[in-house]
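# Chain and residue survey
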Amino acid sequence: MSIGGSASWSTQQLTELLALVSALPDGADVVQRALEHTVESIEGDVGAVIADGVVVASLGYAADAVPEHQLVAAAAGTLTVLDVPGAGSCGVVVVECDALPDGRMVLGRRGEGAFTSEERNVVRGLARVLSLALQARRTLEQEREQRRASEQDALHHQRLLVTLQERQTLLERLSRIQRSISTRQPLHEVLDAIVIGAAELLGDAITGLRLVDPDDPTTVVLAASHGIPQALKDLSRRSRVSEGVGGCAIATGALAFSHDYVASPNALPAFVDAGVQATMAAPVFQGDIPVGSLIVASFDAGRVYTQSEQEVLVAFAEHTGLALNDARTVAALHQAVSEATRQARQDSLTGLPNRAEFLDKLTAARTVGLPVGVLFIDLDDFKLVNDTLGHPVGDALLRVVGERISGSVRGGDVVARLGGDEFAVLLSNTADMHVAELAAERIRQALSFPFHLPGHDVSIGSSTGVVLAEQSSDESADDLLRDADVAMYRAKALGKGRSVLFAAAMRVDLQARSRLERELRRAIDHSELVVAYQPVIDVNRGQIVGAEALLRWHHPELGTVPPAEFIPVAEETGMILAIGRQVLLDATQEAAGWPGLSVSVNVSARQLSDGTIVRDVSDALHRSGLPAELLTLELTESVLVQDIETATGILVELKRLGVKLAIDDFGTGYSSLSYLAMLPVDVLKVDKAFVAGVGEPFSGGPMSKLAATVVALASTLGLETVVEGVETRRQLAAMRDLGCTLFQGYLWSAPVPAAEFQAMVTLATLAC
Amino acid sequence: MTTDVCTRWAGAGSSVAGDAAVAGREAALDAVSGREGAALLVVFASDAYDLPVLTGAIRDAAPGVPLIGCSTAGEIASSGAGDHGVVVMALGGPGFQISTATAEVSRHGLREAGAVVAAATADIKASPYRVLLVLSDGLAGDQEEIVRGAYAVVGAEVPLVGGCAGDDLRMTVTTQLLDGSVQTGTVVAAAIGSDAPLGIGVEHGWRRVGDAMVVTSSNGVRVDTLDDQPALDVYLRRLRAPAEAYTDPAAFTRFALTHPLGLSRRSTEELRMVAEPDFETRSLVCIARVPQGGLAWIMEGDANSVLDATDAACSAALQGLGGLRPLGLFAFDCIARRAVLGVEGIRTEIERIALHADGAPVGGFYTYGEIARNSAVGGFHNQTLVVLAVG
């Protein structure tokens, strides 16, 4: 299918704005955003929204130079050209904006050329979308206000909620119609959708669309209808253009209605006989010319069309105009917003609601004041499944997990996949701890049975966080989900495979952590993180032979923050990637200025798994000009054993660059000879923990024996050793006795700023 | 190379010296060329340099002169385009009024950051001709928002022009410069007031390939589905992308450079550079927002169409000078155009720009996105050449 330039342009603008306004967060300025979109749509220069003679939003003028008088005059139609600084004379188009009192949107485009009728239509449609969005928002605010004012008036809530849902339905309806226009459904189907949509929303028995017959402009034909009895339809298939309330709408180009149809001068006898009591009609335009009317009629005596119902009919009539215009264009679209919106709310893997949909459902439950329970479920060690068996197996597992969870809850509960291996359950209408615990236990059990997946049987556990909210509590959906998440983390920390009920104290821990995270981000921006250097001494030569680069954080208020506190946060948030990269750059740059000394830099688990470490190291070497053999990368053994195969691959690549590799903290964790022999490492760092006990009175205990073993092991494998954390001469002597020559520790120097280290090297007169 | 017209002047200097301090000093001295009254330095530098050292050297060579600048994906000078170098443009003489500003995106948000730097135009109100030269962190998110924020402050009265900083296609971190400060995640800007006209030209030179697709699901700069299919798959399949683009992010980005998306607009296509793939969610990540519900085409260009656009952009910019000879030209050229043109092509392109400049100095850089809001709102571009002619 091929599509021309302006074809479908109009419907596209509407769908884009619909998508835009429905995605805007609560506090956003809908008017300003819609104005921007509209001006951009017609490639205009300026725009303004005027309500009650006051400019409420504008665009294209310097912030302090909005020409209120000019814009108000243009809105009133007394000025047809705007003089815009920087753009010169601009032609103007003005449309009504119903949701605002005496609301109008004014748009200007440079050059005084006229806007085409298609452009006018689009602008009118965009203003309509804005009005609907504003009204929906107002209803929502009203509802919230009411809820604050009175928690008892449940009936009222329901009524408002109905209005709200109606609005939502209206937006959905319109977007569906736009979809059928843009997908080039046959015109009659589009028109049918319009009359049915109007009938459903307004709840009237009869809907009809009458269009002027192009061959005989004095008559109108019934182009689409809903609910008109066949006999009546046959009678009214063709009628005079001026007849009835519909005729009145065509003649005046405005909405017309009669609340007492029988007494109306415009009443049609056949419809009076059929029992119609009230009717309303909105004109349908093509360009600026009325070409028909959309009519609804009711058999109920006392039927009164409210302001908002009148607006609904006008909206549908305008869409009819769009459909008629569009039907004449040649091109076609295949998809549209409502489908996309539905998909955007569904997790594509499991078919379950996604996070957004879950939060909406939770919000809805909270809005009507129902007690709820939320379960936050995270699979234990799911990453392992993905990494070892591959993503397709992981995906298959997630699908079955979704099914099992869904099978473990009650009919009215909502199961969602939040992302990754996280699921959530909304227990509706209960905040009973017992019920929640039972549900959590059922889910835990359901997930504890082996999963029979194609080619693999997999067993996996799950951890669950539970939070309950009574009717009276005021936590938002986001709060509840976050609290459940916090409780889930606690469950993990307690050893996985269990569920934990949320308690407020857990949040305090989290807050402290998130403050640290915030501060750390700020610290990165403000260069509070600096690299310090601790000398490495060759005691046989009595010389500094290198240094270990260590990260230090000097917080302006908290003072020095220990790495043990902030490094885990940096790891978890991924900030470590940027930090690590910077440390590499700084350290290599610095070391390039030293006289042949080496520098060692710590590499974190995240850096290793991120996959960019090889490039980062090569980049740092390239930029600094530091010979590769003078750079040592230190890795902790716990990092390496997490995924030994991948790690080995990366280490081999790093070795190819020519750098040295060291195992840090050896012996403190998983120490395994087999992997140590397998990895291409050059240096073993003997941890402070081993050194602390040696050489002291009563030494000869288990630690000092371990130290001897580690050193012997290194020697067997042909590895260099560097002894860390040496603080006393006794420790030094004892480790020297074991044959060690390279040392670092407070005995010589604490980690010092780069300049100080440089000075130290220059002096190069250290006593050992 | 320098040009003197009455008392106002523009100069350009460039260097590819390996040492940052030497390069900075050479380029700055060349740009100023000993003239009095330097009012603004605009620096385009490779981040292969130690940028604090480079900036320090420039400031030492031209003390106290306001400076803005950014890291690049290649630099443009009268003498040609290059990598791992630095270009300094200088404006001077009593006919210029300058005010510079910076804003952190993380602190203000994109839109507000645009508004904050645009406030600098308040200082040049007295000038008859004005422009806001904006250099932003191209990796900081939806750049359209920055333009909207700036437009909300200056309106149609002050055109916006500039580009997004680059990092030689590593797509990790870009740098912005303001006076002595070396920043990332910011927008820097210079409000330039001039006694003589300023002209802006914008052209891209790409055309549609194949049928239109509907953006069935997108979220900001991320396109999830096209025609209801995973966007990444549709994109790779339709373009018969090379095998490595299916698995290697870097290979993908190189390939995507020459195949932007075009969004249907009233009279043209708005281009979107496809920056990276998300192999996990099968999405495309673009440099600016791609609205859901819209139509999109895959676009392609060749050396001829792209070079024609170069001529058109230069001519349009010069036309804005109302017959005056240019003092200097700024060029903000998309890295993607460079990829299409190749080494020979960019040599030709720079020669053509130099020809239009008619002896006036030229300076600029290869960008991650271009800014030009001259007529009609919406002023963020991709895959485009933006030329600012200073009259």
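Heads up: these notes are all about the structure in this document. Quantities reported herein were computed from a predicted structural model and do not represent experimental measurements.

What follows concerns the overall build of chain A. Scanning chain A from N- to C-terminus turns up 28 helices and 28 strands. Residue burial in chain A is summarised as follows: out of 768 residues, 51% are buried. Relative to all contacts within chain A whose residues are 6 or more apart in sequence, the contacts with residues 24 or more apart total 64%. Accessible surface computed for chain A: about 33,400 Å², of which carbon and sulfur atoms make up 54%.

Once that is clear, we can look at the sheet that holds strand 7 (residues 216–226) of chain A. All names here are of chain A. On the basis of which strands lie adjacent, the open sheet formed by six strands has the order 8-7-6-11-10-9 and antiparallel pairing. Strands with a single pairing partner mark the edges of an open sheet, and in this sheet they are strand 8 (238–240) and strand 9 (256–258). Ignoring which end each strand starts from, the neighbouring axes of this sheet average 25° apart. Across the sheet, helix 6 (residues 187–202) touches strand 6 (206–213), strand 7, strand 10 (278–286) and strand 11 (289–298), and the angle it forms with strand 7 is around 65°.

Turning to helix 2 (residues 51–61) of chain B, a few remarks are in order. Three- or four-residue spacings in an α-helix give side chains the same orientation, since the helix completes a turn every 3.6 residues. Residues and elements named next belong to chain B. Along helix 2, the residues that are buried comprise L51, L54, T55, A57 and I58. Down the axis, helix 2 shows its buried residues gathered within 160° of arc, on one side only. Among the exposed residues of helix 2, those oriented more than 90 degrees off its buried face are P52 and D60. The secondary structure elements touched by the buried residues of helix 2 are helix 1 (20–32), strand 3 (38–45), strand 4 (67–71), strand 7 (86–92), strand 11 (176–178) and strand 12 (181–183).

Moving on to the pairing of strand 19 (residues 529–538) of chain A. Residues and elements named next belong to chain A. In terms of burial, strand 19 is largely enclosed, as nine of its 10 residues are buried. Relative to strand 20 (residues 543–555), strand 19 runs antiparallel, the two being bridged by 10 bridges. Following the sheet pairing, Q534 is matched in strand 20 by E548. Between strand 19 and strand 20, which pair antiparallel one after the other, the connecting turn spans four residues, and G542 there sits at a positive phi close to 65°. For strand 19 and strand 28 (residues 752–753), the ladder comprises two bridges, and the chain directions are antiparallel. Residue pairing in the sheet places Y533 in a bridge with V752 of strand 28. In this sheet, strand 27 (residues 742–743) lies alongside strand 19 in antiparallel orientation, the contact comprising two bridges. Each bridged residue has a counterpart across the sheet, and for I537 the counterpart in strand 27 is F743.

It is worth spelling out the packing of helix 19 (residues 575–591) of chain A against helix 21 (residues 613–624) of chain A at this point. In a pair of packed helices, the angle between the axes and the distance between the axes together describe the arrangement. All names here are of chain A. Remark: helix 19 packs on helix 21, axes separated minimally by 9 Å, with the N-to-C direction vectors making an angle of 30°. Between helix 19 and helix 21, the crossing angle belongs to the class labelled roughly parallel. Crossing of helix 19 over helix 21 shows right-handed handedness. Every residue of helix 21 that contacts helix 19 at R581, L584, L585, T588 and Q589 is listed here: I613, D616, V617, A620, R623 and S624. Partitioning the contact of helix 19 with helix 21 into residue classes produces five nonpolar, three polar and three charged.

For the structure on display, the rule yields 10 aromatic pairs over all chains. Judged by centre distance (5.4 Å) and plane angle (85°), the ring pair of Y533 of chain A and W594 of chain A falls under edge-to-face. In this pair, Y533 of chain A is assigned in strand 19 and W594 of chain A in the loop between helix 19 and strand 22 (598–603), connecting sequence segments 61 residues apart. This pair shows no difference in class: Y533 of chain A is buried, exactly as W594 of chain A is. Here F44 of chain B and F332 of chain B contribute two aromatic rings whose centre-to-centre distance is 6.1 Å and whose plane-to-plane angle is 85°, an arrangement assigned as edge-to-face. Of this pair, F44 of chain B sits in strand 3 while F332 of chain B sits in strand 23 (residues 328–334), and the two are 288 residues apart along the sequence. With relative accessibility at 0%, the residue F44 of chain B sits in the buried group. Among the aromatic side chains, those forming a connected cluster through ring pairs are F44, F330, F332 and F365 of chain B.

With that settled, consider the pairing of strand 2 (residues 54–59) of chain A. All names here are of chain A. Judged from the five bridges that link them, strand 1 (residues 46–51) and strand 2 form a sheet pairing that is antiparallel. The partner of V49 across the bridge, within strand 2, is A57. Hairpin connection between strand 1 and strand 2: a loop of two residues separates the two successive antiparallel strands, and D52 in this loop has a positive phi of roughly 55°.

Here we take up unusual backbone geometry. One non-glycine residue, D102 of chain A, lies in the positive phi region at around 45°. Among the structural elements, D102 of chain A can be located in the loop between strand 4 (88–96) and strand 5 (104–110). The backbone phi angle of R282 of chain B is positive, close to 60°, even though this residue is not glycine. Within the secondary structure, R282 of chain B sits in the loop between strand 20 (274–278) and strand 21 (283–286). Residue class for R282 of chain B comes out partly exposed when judged on its relative accessible area of 23%.

Before going further, it helps to spend a moment on the pattern of salt bridges. Inspection of every chain in the model, using the stated rule, returns 51 salt bridges over all chains. Two residues, D102 of chain A and R104 of chain A, come together in a salt bridge whose shortest N-O distance is 3.1 Å. Between R272 of chain B and E144 of chain B there is a salt bridge, with the nearest N and O atoms lying 3.1 Å from each other. Residue R272 of chain B is located in strand 19 (residues 269–272), and its partner E144 of chain B is located in helix 5 (residues 143–154); the two are separated by 128 residues in the primary sequence.

Basis of the calculations
Residues numbered from 1 in each chain as written. Chains lettered and ligands numbered in written order. Predicted model: local features only at pLDDT ≥ 70, side-chain atom pairs only at ≥ 80, totals over all residues. Heavy atoms only, no water. Helix = DSSP H or I, 4+ residues; strand = E, 2+ residues; numbered from the N terminus. Buried < 20%, exposed > 50% of the residue type's maximum accessible area, 1.4 Å probe, protein only. Contact = heavy atoms within 4.5 Å. Areas by Shrake-Rupley, 256 points an atom, 1.4 Å probe, with all protein chains shown as cover. Pairing = 2+ DSSP bridges. Axes fitted to C-alpha atoms, helices over the stretch in contact; angles between N-to-C directions. Arc of directions from axis to C-beta. Parallel < 35°, antiparallel > 145°, perpendicular 65-115°, else oblique. Left-handed = near helix turned anticlockwise from the far one by under 90°. Nonpolar A, V, L, I, M, F, W, Y, C, P; charged D, E, K, R; others polar. Phe/Tyr/Trp six-rings, centres within 6.5 Å; stacked < 30°, edge-to-face > 60°. Salt bridge = Lys/Arg side-chain N within 4 Å of Asp/Glu carboxyl O.

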